[in-house]
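Okay, here's what each chain looks like letter by letter:
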Amino acid sequence: MKTLYDVQQLLKKFGVFVYVGKRLWDIELMALELDNLYRAGVIDKQTFLNAKLILTREHKVEEENN
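On a predicted model such as this, the values are computed, not experimentally measured, just so you know.

A. Structural context of the nonpolar core. If you look at the biggest cluster of nonpolar residues, it comprises 16 residues, and the most contacted ones within it are Val-7, Leu-11, Met-30, Leu-34 and Leu-55. At the level of secondary structure, the elements contributing two or more residues to this core comprise helix H1 (4–13), helix H2 (23–39) and helix H3 (45–65). For this core, the leading source of residues is H2, giving 5 residues. Beyond its immediate sequence surroundings of up to four residues, Val-7 is in contact with Met-1, Met-30, Ala-51, Ile-54 and Leu-55.

See below:
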C-alpha cells in the first residue's frame, strides 16, 4: 500500500466508500473510518499504521496546496 488510492481500495473491501466532495475532507473521513476498522479488530496493526501514514502524508500535501 503506497497511495491514497490503495487506502480507498482497502476501505472499499469493507464496504466503506468515501466521497464528500473536497479531497481534504475525504482524507479526514477515511482516517476516521480506518480508526473504526482497527478498533473493531478487522484490520491488523501494520495495515492500520501504513494506511494512517499515507493519509497523514496526503493530508499534509493537500493542506500545503490550499
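B. Just the pattern of salt bridges, in detail. Applying the stated criterion across every chain yields a total of 4 salt bridges. When the shortest N-O distance is used, the salt bridge between Arg-23 and Glu-58 registers 3.1 Å. Of the two residues, Arg-23 is situated in helix H2 and Glu-58 in helix H3; the sequence distance between them amounts to 35 residues. Classification of Arg-23 by relative accessible area gives partly exposed; the value is 35%. Residue Glu-62 is joined to Arg-23 by a salt bridge in which the shortest nitrogen-to-oxygen separation is 3.0 Å. Of this pair, Glu-62 sits in helix H3 while Arg-23 is found in helix H2, placing the two residues 39 residues apart along the sequence. Salt bridges here are not isolated pairs; linked through shared partners, they connect Arg-23, Arg-57, Glu-58 and Glu-62.

Reading the values: the criteria
Residues numbered from 1 in each chain as written. Predicted model: local features only at pLDDT ≥ 70, side-chain atom pairs only at ≥ 80, totals over all residues. Heavy atoms only, no water. Core = buried A, V, L, I, M, F, W, Y, C linked by side-chain atoms within 4.5 Å. Buried < 20%, exposed > 50% of the residue type's maximum accessible area, 1.4 Å probe, protein only. Helix = DSSP H or I, 4+ residues; strand = E, 2+ residues; numbered from the N terminus. Contact = heavy atoms within 4.5 Å. Salt bridge = Lys/Arg side-chain N within 4 Å of Asp/Glu carboxyl O.

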